[in-house]
Amino acid sequence: MPNPGEDATLQVFYRTLVLQITGGLRALSLYPAQHPEAGRQINSLYQQLSRYLERRPSLAIIFAEGEVVVENIPFPELSANLRPLIERFETLGLERLVFGRGLALDELLRFLQLLLKLLKTKGQVEANLAMTPQDFPHIVAGRLSLDHESRLSFEEVSRALRDVRHFVRTMTGQLKDLFGDLTVSLSEGKVSLARETVATLHRILAGGLIPMKLLMCRSSPDPDANVHAVNVCAQSMALARHLNLEDKTVLEIGLGALLHDIGLSLPAPRGQKPTATVTLDQKKRLWEHPLRGAEILLATPGLPDLAALVALEHHIHFDGGGYPKRGASRQLNLASVITAVADIYDNLRRNYLGKSPLSLTDAIHWMDRRAGTVFHPLVYKGFRAMIKTLGQEER
Amino acid sequence: MANVTPLEQEAVPAAVSSAVVAIMRAITVARLYTVSHALFQETTRKLHSALREAIAAQDFLFLGLAKEALFLNGVFYRPKEAHLQKFLRLFYLLGISYLLFDREISQEEVGSFLSLIAGSRPGQGTEISSALPREKIVRLSVGLLDYSVFSTATNVAARLARSSEDEVIWRQLILQPACAKALNLGPQQVRELLRLCDDVEALKAVIVELDAQIASGEQGAKARDLLGNFIQNLASSIEKVVPEKREQFARQVAALIDRVEPRLRRHILAVMLPDARKEEGGAIQEIFRAMSDTQVAQFHVDILREEGPESSSFLNLLRWTLDRGREPRLLLATIQKEMLRATLQGSPDDLKHWQHLEQLIIQYHEVRELDEAYRKEVASLTTSIQMNVPMVEEEEMERLLATVNADSIQTARGYLIIELVAQRNREQGEATVLSLIRAFGEILASLHREKDFRGIGELLRQLFLALARHPHEAPARETVEAALTADEIRELLDRLLEDCRSYESRESAAIAAICQLFPEKAGTYLLDVFADLDRDDNPKARWLMTTLGSVGAHLTRPLNRKLQIAPDSALPRLLALVPLCKDQRLSHVLGKLMDHRDHDMRLQVVEMMGRLKAERSVPRLAEAVLKRSWLASKKEKEVQVAAVHALAEIGSDEAKKVLTQVAREGPSDMQTLAKELLQPPRK
């Protein structure tokens with residue numbers, strides 16, 4: 001359990017630290033580095049950081065969407081006071097600033113000088129640091145790197161993204177009620193809950209309350225089916241919006257995507273000893289879940305028909321492959337092909353069926369090879385464009 | 001020849017024993033480690049090597065698995081080693097009776113098979129077998145034979161063999177798929193094979209015996225594979241030892257097929273047709289090609305009747321017919337002829353199977369065409385998008401957007417329901433099916449309001465096939481029937497008939513399906529159309545006759561009404577439908593029509609009374625036949641003759657009593673006829 005007193009002290013410390021960084025930059029902009037005032041400011045900042053890094057391996061500050069977040073604690077008052085500076089940071093591509101243990105005074109000073117220079121001119125912080133990595137061994141600065149290839153550890157990234165996770169967890173908590181105790185159809189209450197969940201997600205995405213790129217680009221190793229449902233729902237709606245579909249259709253697609261795997265939530269048969277391998281019963285359940293899901297959704301009053309279609313078709317490939325097998329190849333529904341892209345993408349990025357998650361790059365490469373066979377080529381093209389727009393292919 | 005090969009042994013050959021050890025070890029590992037784990041990979045690799053060693057120079061490794069014995073190369077081994085006993089017990093509990101490993105089996109296939117077995121429960125043999133293709137395991141097959149086949153094979157082999165070595169060979173020929181290459185035939189066995197090749201009666205005796213033994217087993221349908229194994233193995237063995245006799249043996253098999261009873265002929269043909277997707281058919285292909293369209297159609301309808309539309313035999317047969325050069329149009333024309341014949345013969349049950357077959361062939365052909373068109377479309381679209389052709393992208397986006405509009409979704413929902421119903425999921429209860437069908441009914445009603453008659457026709461055609469032989473077929477049909485009113489059906493058929501020109505199978509398939517699903521409502525309307533026809537010898541008249549015949553059991557009320565009000569010109573063709581109704585309630589109206597002013601009509605009415613086997617008509621017929629008159633005209637006598645024949649056809653006690661009375665005291669010329677007809681039919 002965190003100590004409330006300690007939390008409050010930490011918050012004061014973090015706030016002071018951010019102000020000291022801005023103070024240091026201001027001093028360096030007014031005085032040369034050798035000036036006593038500049039020296040005092042930089043020294044003070046360094047002392048604070050060193051004390052902190054003696055106890056923790058790193059300290060991460062996020063500047064994103066006009067917000068300042070230190071070690072996952074948002075500081076709205078700083079966000080308001082430092083708005084021009086944060087906006088300038090964003091144009092420089094400075095979304096995260098991480099100081100690691102072993103930081104030296106000289107390294108800190110040179111970094112602040114470089115940053116100041118960039119603030120006055122143009123250029124990407126990340127790009128400039130990358131040119132001289134040996135000069136800044138204990139500082140990581142640049143865009144939010146949300147993948148395993150980053151120099152940040154997964155723990156650091158996930159800590160920085162705890163807000164997002166917290167949001168996803170809150171959502172998935174609600175979904176436990178939605179997907180629990182399933183029978184042949186969903187009750188009125190469950191339908192309302194599903195609609196509310198989708199509407200909330202849509203509002204959050206449309207309003208930019210949680211950056212889409214955080215939802216899209218972080219890997220979600222959590223194998224929890226509810227987390228998967230939220231991710232697929234959010235990603236499908238994002239893709240539908242990217243394809244300029246009407247809001248009403250986006251919401252219906254979101255509903256289908258949220259419920260796409262509902263056939264897997266039916267009670268599992270019992271009686272088999274647990275094995276490391278996926279059992280035949282589990283496989284059968286997996287092969288049949290599109291049909292069972294579609295049955296449940298068709299029998300549920302108050303749901304759009306798209307939801308049942310998505311449940312049935314989300315594992316059918318564009319070229320007619322996949323499952324369940326159909327009598328004849330038929331054109332798939334747009335909602336189904338969108339959900340299929342999001343579903344496979346999220347499955348590749350999580351622990352699923354005994355397979356480890358792929359990195360963003362590997363997942364995209366895997367998917368690229370299947371455009372036109374597994375995925376509808378045009379919808380997949382939209383997906384690639386969306387990923388690009390989200391800024392994850394800059395490197 | 002002296003008995004030198006023991007038919008039962010204990011010591012399993014070392015290479016096979018090692019492979020079994022590797023299988024059991026690998027299954028244990030698969031239960032403890034995931035497929036990506038290094039240990040799983042390593043054990044799979046070792047098992048793959050062990051299997052390759054056990055297969056050695058052969059093409060296959062066949063392991064027959066009885067409860068306590070391993071069948072290998074014609075010998076039953078009763079092993080003492082614990083791992084072998086565990087192995088046999090494991091597969092016995094799963095319900096798997098043999099494993100057939102192809103020498104080209106890959107390590108990936110071995111790994112997937114291990115995962116399947118490790119994750120299975122006792123009794124899941126059938127599910128394992130059907131999971132193989134889905135898991136991309138193609139060079140391994142599992143058998144689900146009734147265990148009694150081992151004793152069947154042993155019994156037949158023992159009778160045919162002259163020594164224990166012979167017996168080993170016969171067992172392999174019967175039990176083991178594709179065993180010819182592995183057999184080492186001695187001179188005695190080669191002589192025996194040549195005898196079977198030369199003497200069709202000897203071959204027939206062996207096949208009939210094997211069939212009789214199989215028929216006494218519990219799982220006749222699956223055990224029939226033994227017949228296929230045996231004939232194919234004989235053919236391959238003959239080809240191996242005396243290649244020049246290959247064609248002669250093919251001719252002998254053809255002769256054999258002609259000499260056995262129809263049921264066995266069908267079985268031999270069905271089991272001998274290899275998988276149409278993979279193999280050439282050899283001799284059997286020639287036999288099949290030589291069959292006329294009528295024979296092929298009859299063969300289909302028999303297998304459909306016996307084994308059902310989803311049986312592997314029927315599906316394979318359909319592939320053979322339609323994927324290997326037989327023209328669907330000609331086959332459908334043959335089927336239409338057979339349907340008309342069944343109608344005229346008053347065989348509604350046959351007619352039902354012919355109609356089902358017609359719809360299945362149309363659907364298969366359509367699916368093939370649609371798949372082909374879709375494949376081309378997919379390839380072309382993918383290329384255009386890769387090449388960034390903006391116009392194609394815009395058009396495709398428009399098409400995709402159209403899939404989310406209300407009309408498309410409604411139709412898609414209809415097809416979705418059909419797909420769910422067609423799954424015939426065992427756990428899918430009647431309530432679920434009926435709820436799906438009710439939802440389907442709402443879609444039909446809505447499409448009717450939108451005047452989308454063609455859309456309704458297509459949906460109903462698919463539904464008809466989905467419901468054929470469905471476990472909940474009867475209540476589901478009742479529910480569908482309530483979805484549209486008689487007036488709606490009348491309007492629907494009226495509009496769809498407007499588009500018909502040739503009335504050939506594909507053109508009229510949707511209407512035929514509607515008639516099956518709404519027999520009374522559709523029948524009432526079609527009767528009106530049938531009565532109003534101006535000719536009887538055109539495709540429309542023949543089609544109407546067949547279609548009305550197929551819903552004959554539902555025509556009593558409308559036909560009864562129609563017979564009372566129809567003009568004279570329509571009466572003959574309406575009367576022809578009477579026997580198809582098989583409902584004695586029509587006797588009353590027929591009785592009235594016996595007084596019709598037209599003599600030919602009266603004759604036809606009397607004939608129909610007989611064909612209807614209407615006991616209720618007996619008094620009326622008796623009255624006509626026993627009527628004595630010095631002034632009886634020629635026409636009256638003709639009616640009396642027809643009435644005597646009708647009484648004989650009715651054949652009930654009451655009818656026989658009347659015939660006896662006629663034979664005793666009827667008009668003199670009727671007495672002779674009645675006596676003749678009362679004689680039991682000569683054999």
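Computed from a predicted structure; not experimentally measured.

Details of the sheet that holds strand 1 (residues 58-64) of chain A
Residue and element names in this part refer to chain A.
Here comes step 1: What the 5 strands build is an open sheet, ordered 3-2-1-4-5; its pairing is antiparallel. With partners counted over all chains shown, the strands left at the sheet margins are strand 3 (73-74) and strand 5 (139-142), one partner each.
Here comes step 2: Of the pairings in the sheet, the one linking strand 4 (residues 96-100) to strand 5 comprises 4 bridges and is antiparallel in character. Its bridge partner lying in strand 5, Phe99 is registered against Ile139.

What to know about the environment of B:Leu678
Residues and elements named next belong to chain B.
Here comes step 1: With respect to the helices and strands, Leu678 occurs in helix 36 (residues 668-678).
Here comes step 2: The spatial distance from the C-alpha of Leu678 to the C-alpha of Asp499 is 52 Å, given a sequence separation of 179 residues.
Here comes step 3: Other than its neighbours up to four places away in sequence, Leu678 contacts Lys656, Leu659, Thr660 and Ala663.

Things to note about the nonpolar core
Within soluble globular proteins, side chains that are nonpolar generally end up buried alongside one another.
Here comes step 1: A:Leu259, A:Phe383, B:Ile268, B:Leu460, B:Leu559 and B:Leu574 are the most contacted members of the largest nonpolar core, which has 252 residues in total.
Here comes step 2: Among the elements that line this core, the one with the most residues is helix 18 (residues 348-386) of chain B, at 11 residues.
Here comes step 3: Those residues in contact with B:Leu460 that lie beyond four places of it in its chain are B:Phe440, B:Leu444, B:Val480, B:Leu492, B:Ala513, B:Ile514, B:Leu517 and B:Phe518.
Here comes step 4: Among the nonpolar cores identified, the runner-up in size contains 50 residues, and B:Ala30, B:Leu47, B:Leu72 and B:Tyr77 belong to it.

Describing the pattern of salt bridges
All names here are of chain A.
Here comes step 1: Summed over the entire model, instances satisfying the criterion amount to 42 salt bridges over all chains.
Here comes step 2: The shortest N-O distance in the salt bridge between Glu313 and Arg326 comes to 2.9 Å. Separated by 13 residues along the polypeptide, Glu313 in helix 14 (residues 305-313) and Arg326 in the loop between helix 14 and helix 15 (334-348) bring together distant segments of the chain.
Here comes step 3: When its relative accessible area of 4% is taken as the criterion, Glu313 is described as buried.
Here comes step 4: The buried category is assigned to Arg326, whose relative accessible area is 18%.

Points about the packing of aromatic side chains
Here comes step 1: On inspection of all chains with the given rule, the structure shows 16 aromatic pairs over all chains.
Here comes step 2: On the basis of an interplanar angle of 85° and a centroid distance of 6.5 Å, the ring pair of A:Phe99 and A:Phe111 is categorised as edge-to-face. Here A:Phe111 lies in helix 5 (residues 105-120) and A:Phe99 lies in strand 4, a separation of 12 residues in the sequence.
Here comes step 3: Here the aromatic residues A:Tyr345, A:Phe375, A:Tyr380 and A:Phe383 are joined through ring pairs into a cluster of three or more.
Here comes step 4: The cationic tip of B:Arg134 hangs over the ring face of A:Trp287; the distance from NZ or CZ to the ring centre is 4.1 Å.
Here comes step 5: Taking NZ or CZ as reference, B:Arg573 lies 6.0 Å from the ring centre of B:Phe530, over its face.

Brief notes about the side chain of A:Asp261
All names here are of chain A.
Here comes step 1: Here Asp261 shows up in the loop between helix 12 (247-258) and helix 13 (280-298).
Here comes step 2: Accessibility expressed as a relative area gives 15% for Asp261, which makes it buried.
Here comes step 3: What Asp261 contacts, discounting residues up to four positions off in sequence, is His228, His289, His314, His315 and Asp343.

Regarding the interface of chain A and chain B
Here comes step 1: Facing the 47 residues of chain A at the interface are 49 residues of chain B.
Here comes step 2: Carbon and sulfur atoms make up 61% of the surface buried where chain A meets chain B, a total of about 4,400 Å² over both sides.
Here comes step 3: The three residues of chain A that bury the most area against chain B are A:Leu280, A:Leu298 and A:Leu378, which together make up 14% of that side's buried surface.
Here comes step 4: Between chain A and chain B we count 6 salt bridges in total.
Here comes step 5: Of the charged contacts in the structure, one is a salt bridge between B:Glu419 and A:Arg326, with a shortest N-O distance of 3.1 Å.
Here comes step 6: Remark: the boundary between chain A and chain B carries 14 residue pairs in polar contact (both at pLDDT 80 or more).
Here comes step 7: Among the elements of the structure, helix 13, helix 14, helix 15 and helix 17 (377-389) of chain A are those that each provide at least two residues to the side of chain A that touches chain B.
Here comes step 8: If one sorts the elements of the side of chain A that touches chain B by residue count, helix 13 of chain A sits on top with 10 residues.
Here comes step 9: Here the residues of the side of chain A that touches chain B sort into 24 nonpolar, 13 polar and 10 charged.

Focus: the confidence of the model for chain A
Here comes step 1: Residues of chain A with pLDDT of at least 70 account for 80%, and the chain-wide mean is 81.
Here comes step 2: Under a pLDDT of 50 for its full length, residues 146-158 of chain A has, in the predicted model, 33 contacts with residues more than four places off or in other chains.

Quick look at helix 25 (residues 505-517) of chain B
All names here are of chain B.
Here comes step 1: When the terminal C-alpha atoms of helix 25 are compared, their 17 Å separation across 13 residues agrees well with the 18 Å that a helix rising 1.5 Å per residue should span.
Here comes step 2: Along helix 25, the largest kink reaches about 30° and is centred on Ile511.
Here comes step 3: Taking burial as the measure, the 13 residues of helix 25 include 11 buried ones, the bulk of the element.
Here comes step 4: Those residues of helix 25 lying buried are Ser505, Ser508, Ala509, Ala510, Ile511, Ala512, Ala513, Ile514, Cys515, Gln516 and Leu517.

As for helix 15 of chain A
Residue and element names in this part refer to chain A.
Here comes step 1: Look at helix 15: 22 Å from first C-alpha to last across 15 residues, which is about the 21 Å you get at 1.5 Å a residue.
Here comes step 2: Counting buried positions over the 15 residues of helix 15 gives 15, a clear majority of the element.
Here comes step 3: For helix 15, the N-terminal capping position is held by Asn333, with its side-chain oxygen 2.9 Å away from the main-chain nitrogen of Ala335.

Some points on the packing of helix 7 (residues 164-175) of chain B against helix 11 (residues 225-241) of chain B
Residues and elements named next belong to chain B.
Here comes step 1: Contact geometry of helix 7 with helix 11 gives a least axis separation of 6 Å together with a crossing angle of 120°. Classified by the angle between their axes, helix 7 and helix 11 sit oblique to one another. Taking contact as the criterion, the partners of Trp170, Gln172, Leu173, Ile174 and Leu175 in helix 7 are, on helix 11, Leu226, Asn229, Phe230, Asn233, Leu234 and Ser237.
Here comes step 2: When its residues are assigned to classes, the contact of helix 7 with helix 11 shows 7 nonpolar, 4 polar and no charged.

Some remarks on unusual backbone geometry
Here comes step 1: Cis geometry marks the peptide bond from A:Tyr323 to A:Pro324; its omega dihedral reads -5°.
Here comes step 2: Position of A:Pro324 among the secondary structure elements: in the loop between helix 14 and helix 15.
Here comes step 3: A positive phi angle, close to 60°, is found at B:Tyr503, a residue other than glycine.

A short note on the pairing of strand 4 of chain A
All names here are of chain A.
Here comes step 1: Judged by how many residues are buried, strand 4 sits mostly within the fold: 5 of 5 residues are covered.
Here comes step 2: Across the two faces of strand 4 the burial is the same, with Arg96, Val98 and Gly100 and Leu97 and Phe99 all buried.
Here comes step 3: One ladder, built from 5 bridges, connects strand 1 with strand 4; its direction is antiparallel. Each residue of the ladder has a partner; that of Ile61, found in strand 4, is Leu97.

Side note on the state of the cysteines
Here comes step 1: Under the criterion given, the structure shown has 0 disulfides over all chains.
Here comes step 2: No disulfide involves B:Cys515; its sulfur sits 10 Å from that of B:Cys500, the nearest cysteine.

Comments concerning the packing of helix 17 of chain A against helix 18 of chain B
Two quantities define a packed helix pair, namely the angle between the helix axes and the distance between the axes.
Here comes step 1: Packing of helix 17 of chain A against helix 18 of chain B leaves a shortest axis separation of 9 Å and a crossing angle of 30°. Considered as vectors, helix 17 of chain A and helix 18 of chain B are oriented roughly parallel to each other. Residues A:Pro377, A:Leu378 and A:Lys381 of helix 17 of chain A form the contact with helix 18 of chain B, whose own contacting residues are B:Leu381, B:Thr382 and B:Ile385.

Section: the side chain of B:Gln252
Here comes step 1: Considering the arrangement of structural elements, one finds B:Gln252 in helix 12 (residues 246-259).
Here comes step 2: When residues no more than four places from it in sequence are discounted, the contact partners of B:Gln252 are B:Cys197, B:Asp198, B:Asp199, B:Val200 and B:Leu203.

Definitions and limits used
Residues numbered from 1 in each chain as written. Chains lettered and ligands numbered in written order. Predicted model: local features only at pLDDT ≥ 70, side-chain atom pairs only at ≥ 80, totals over all residues. Heavy atoms only, no water. Pairing = 2+ DSSP bridges. Helix = DSSP H or I, 4+ residues; strand = E, 2+ residues; numbered from the N terminus. Contact = heavy atoms within 4.5 Å. Core = buried A, V, L, I, M, F, W, Y, C linked by side-chain atoms within 4.5 Å. Buried < 20%, exposed > 50% of the residue type's maximum accessible area, 1.4 Å probe, protein only. Salt bridge = Lys/Arg side-chain N within 4 Å of Asp/Glu carboxyl O. Phe/Tyr/Trp six-rings, centres within 6.5 Å; stacked < 30°, edge-to-face > 60°. Lys NZ or Arg CZ within 6 Å of the ring centre and 35° of its normal. Buried area = accessible area lost by both parts, 1.4 Å probe. Polar contact = N/O pair within 3.5 Å; in protein donor to acceptor, adjacent residues only side chain to side chain. Nonpolar A, V, L, I, M, F, W, Y, C, P; charged D, E, K, R; others polar. pLDDT = per-residue confidence, 0-100. Expected span 1.5 Å × (residues − 1). Bend = angle between axes of the 7 residues up to and from the residue. Axes fitted to C-alpha atoms, helices over the stretch in contact; angles between N-to-C directions. Parallel < 35°, antiparallel > 145°, perpendicular 65-115°, else oblique. Disulfide = S-S within 2.5 Å.

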